[in-house]
Amino acid sequence: MAKPTDEWFGQAFGKAWKDKADEIGRFNLAIFGKTGVGKSTLVNAIFGSEIARTGIGEPVTRAEHLYLHQSGALGVLDTRGLEVGRDNAALIGELKDYLHGMRRKPLAEQLHVAWYCVRAGDRRFEATEADFIRALHELGLPVILVLTQVPRSGDRVHPDAEALAASIAALELPIQDGLIHYTMALADDFTGQSAYGLQEVLDATFRGAPDGVAHAITSAQRIDFERKRERAEVAVKAATGAATTAGASPIPFSDAALLVPIQIGMMASIAVTYGISIERSTAASIAATAAATTAGRSVVTNMIKFVPGAGTAVAAPISATVAGTFTYAMGHAWMRVCERLARGELAAVGGALESESVHRIFLEEFKTRASRRKPS
Ligand SMILES: Nc1nc2c(ncn2[C@@H]2O[C@H](COP(=O)(O)OP(=O)(O)O)[C@@H](O)[C@H]2O)c(=O)[nH]1
Ligand SMILES: [Mg+2]
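This write-up is about the structure you can find in this document. Predicted model, so just to flag it, every value in this text is computed and none were measured.

What about the nonpolar core?
At step 1: Ranked by size, the top nonpolar core spans 68 residues in total, and within it Phe 27, Phe 47, Trp 115, Ile 270 and Trp 334 carry the most contacts.
At step 2: Counting residues per element, this core draws most heavily on helix H13 (residues 320-342), at 9 residues.
At step 3: Looking at this core, you find at least three residues from each of domain 1 (25-220) and domain 2 (224-372).
At step 4: Setting aside anything within four residues of it in sequence, one finds Trp 334 in contact with Phe 13, Met 267, Ile 270, Ala 271, Ser 281, Ala 284, Ser 285, Ala 288 and Phe 362.
At step 5: Ala 120, Leu 141, Ile 168 and Met 184 belong to the second largest nonpolar core, which has 39 residues in total.

Here we look at the site of ligand 1
At step 1: Near ligand 1 the following residues occur: Lys 34, Thr 35, Gly 36, Val 37, Gly 38, Lys 39, Ser 40, Thr 41, Gln 149, Met 184, Ala 185 and Leu 186.
At step 2: Lys 39 places a main-chain nitrogen or oxygen 2.8 Å from an oxygen atom of ligand 1.
At step 3: Within the backbone of Leu 186, an N or O atom sits 3.1 Å from an oxygen atom of ligand 1.
At step 4: When isolated, ligand 1 has an accessible area of 580 Å², and the protein chains bury 67% of it.
At step 5: Tallied by class, the residues present in the shell around ligand 1 amount to 4 nonpolar, 6 polar and 2 charged.

Here's the deal with the packing of helix H1 (residues 6-24) against helix H11 (residues 278-289)
At step 1: Across the interface, H1 lies against H11 with an axial gap of 9 Å and an inter-helix angle of 135 degrees. As judged from the angle between their axes, H1 and H11 are oblique. Read as a crossing pair, H1 and H11 show a hand that is right-handed. Contacts from Asp 6, Phe 9, Gly 10, Phe 13, Gly 14, Trp 17 and Lys 18 in H1 reach Ile 278, Ser 281, Thr 282, Ser 285, Ile 286 and Thr 289 in H11.
At step 2: Residues belonging to the contact of H1 with H11 are distributed by class as follows: 5 nonpolar, 6 polar and 2 charged.

A word on the pattern of salt bridges
At step 1: As enumerated under the stated definition, the model contains 21 salt bridges in all.
At step 2: Two residues, Lys 34 and Glu 126, come together in a salt bridge whose shortest N-O distance is 3.3 Å. With a gap of 92 residues between them, Lys 34 in the loop between strand E1 (27-33) and helix H2 (39-47) and Glu 126 in the loop between strand E5 (113-119) and helix H5 (127-138) connect regions that are remote in the sequence.
At step 3: Relative accessible area serves as the criterion here: at 16%, Lys 34 is assigned to the buried category.
At step 4: Note on Glu 126: relative accessible area 27%, which makes it partly exposed.
At step 5: Measuring nitrogen to oxygen at the nearest pair gives 2.9 Å for the salt bridge that ties Glu 365 to Arg 336. Here Glu 365 is found in helix H14 (residues 352-372), whereas its partner Arg 336 is found in helix H13, with 29 residues between them in sequence.
At step 6: Through salt bridges with shared partners, a single ionic network connects Glu 226, Arg 229, Glu 339 and Arg 343.

What about the packing of aromatic side chains?
At step 1: Using the criterion set out here, one finds 9 aromatic pairs in the structure.
At step 2: Ring geometry for Tyr 116 against Phe 132: centres 6.1 Å apart, planes inclined by 50 degrees, an arrangement best described as tilted. On the criterion of sequence distance, the pair formed by Tyr 116 in strand E5 and Phe 132 in helix H5 is long-range, its members being 16 residues apart.
At step 3: Take Phe 132: its relative accessible area is 1%, and that puts it in the buried class.
At step 4: Within the aromatic cluster, the residues linked to one another by ring pairs are Phe 32, Tyr 116, Phe 125 and Phe 132.
At step 5: Seen from the ring of Tyr 67, Arg 80 lies directly overhead, with NZ or CZ sitting 5.4 Å from the centre.

Some points on the side chain of His 215
At step 1: Tracing the backbone through its elements, the reader meets His 215 in helix H8 (residues 214-220).
At step 2: The exposure class of His 215 is buried, given its relative accessible area of 15%.

Parameters and conventions
- Residues numbered from 1 in each chain as written.
- Chains lettered and ligands numbered in written order.
- Predicted model: local features only at pLDDT ≥ 70, side-chain atom pairs only at ≥ 80, totals over all residues.
- Heavy atoms only, no water.
- Core = buried A, V, L, I, M, F, W, Y, C linked by side-chain atoms within 4.5 Å.
- Buried < 20%, exposed > 50% of the residue type's maximum accessible area, 1.4 Å probe, protein only.
- Helix = DSSP H or I, 4+ residues; strand = E, 2+ residues; numbered from the N terminus.
- Domains from an automatic or database assignment.
- Contact = heavy atoms within 4.5 Å.
- Near = heavy atom within 4 Å.
- Polar contact = N/O pair within 3.5 Å; in protein donor to acceptor, adjacent residues only side chain to side chain.
- Areas by Shrake-Rupley, 256 points an atom, 1.4 Å probe, with all protein chains shown as cover.
- Nonpolar A, V, L, I, M, F, W, Y, C, P; charged D, E, K, R; others polar.
- Axes fitted to C-alpha atoms, helices over the stretch in contact; angles between N-to-C directions.
- Parallel < 35°, antiparallel > 145°, perpendicular 65-115°, else oblique.
- Left-handed = near helix turned anticlockwise from the far one by under 90°.
- Salt bridge = Lys/Arg side-chain N within 4 Å of Asp/Glu carboxyl O.
- Phe/Tyr/Trp six-rings, centres within 6.5 Å; stacked < 30°, edge-to-face > 60°.
- Lys NZ or Arg CZ within 6 Å of the ring centre and 35° of its normal.

Following this line, the structure appears as structure tokens:
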């Protein structure tokens with residue numbers, strides 16, 4: 001087996017990342033509502049700003065009024081040049097064509113959920129908007145109804161928004177869970193409004209979407225770190241189990257690199273779940289495990305000294321317990337790094353400062369986890 005040098009490690013990590021991203025696939029969201037109600041702002045608040053910056057996206061129908069923006073595990077279908085309410089027939093017609101073309105494609109290519117946005121301040125909801133929502137439902141799309149830019153005082157939303165919601169509710173539209181969501185996607189310092197309601201929209205999106213895209217939604221969204229942690233822990237558990245099995249042989253210390261592919265797969269999976277790009281997570285994974293600093297010595301030989309019970313002599317075997325603990329600690333240390341990266345808490349990409357912070361955070365958490373884990 002090749003020595004896990006930085007280059008080797010980076011390539012193996014990149015390949016594992018791509019495999020994992022392919023496996024997770026894509027969550028495709030359609031957003032509708034009148035121009036300027038806050039659709040893009042809401043998508044960005046929940047999924048990050050990548051989508052808005054990707055420009056106009058690709059037209060997906062011949063009539064070219066539907067555009068799909070893709071970014072990692074997320075696809076956003078947007079409309080251009082047609083207005084909901086005014087151009088319902090044309091819009092629904094194009095959507096029907098699109099959905100028809102999708103029918104035989106894999107799940108990751110299909111449209112999963114629609115958000116319909118109404119700006120609370122407009123104080124009106126037209127009959128044609130209700131018709132449009134019913135038409136979406138008939139096309140088989142779960143519709144999540146969102147009131148945008150709803151001012152709130154304490155835990156009381158603006159009475160006008162409540163009145164608007166009540167008038168919409170009276171229409172008994174076929175919407176997800178029968179719920180109308182109040183939201184404020186952006187905080188406003190001037191009026192003192194804070195953002196709220198985003199988690200509820202995300203939860204409804206999970207309920208509406210097929211189970212097969214839950215991992216893609218988890219990966220694409222950036223507000224619910226609890227869900228990311230849960231997914232990442234599944235990957236850590238699986239890798240810990242695999243490493244324990246491998247260690248049960250028991251493997252000689254010099255063959256400890258046998259564990260590395262298991263750990264690379266685990267780390268790539270976690271990076272994808274946290275929505276860290278392939279470039280950034282590859283750089284961070286190298287910085288974290290720092291094979292470079294030890295001039296080609298394996299990650300394992302570099303770090304195993306922190307695992308209680310591990311021999312330090314080259315001839316000493318690695319036990320199942322040590323192999324498991326080692327992998328478990330690595331997984332949690334890497335989760336910590338990915339969470340900090342995803343929250344934007346670490347300095348610029350690829351810079352020396354970021355590499356140093358990544359390495360320090362990883363090692364700290366690794367040591368803590370390795371010393372705390374009880375042998376199973
Ligand atoms: N303060 C505040 N402004 C918002 C909010 N949502 C949208 N806006 C603003 O409303 C305008 C239109 O929003 P945009 O997302 O582009 O609307 P879209 O045409 O439906 O995609 C922009 O200037 C946004 O900054 C919000 O929740 N709070
Ligand atoms: Mg927009």
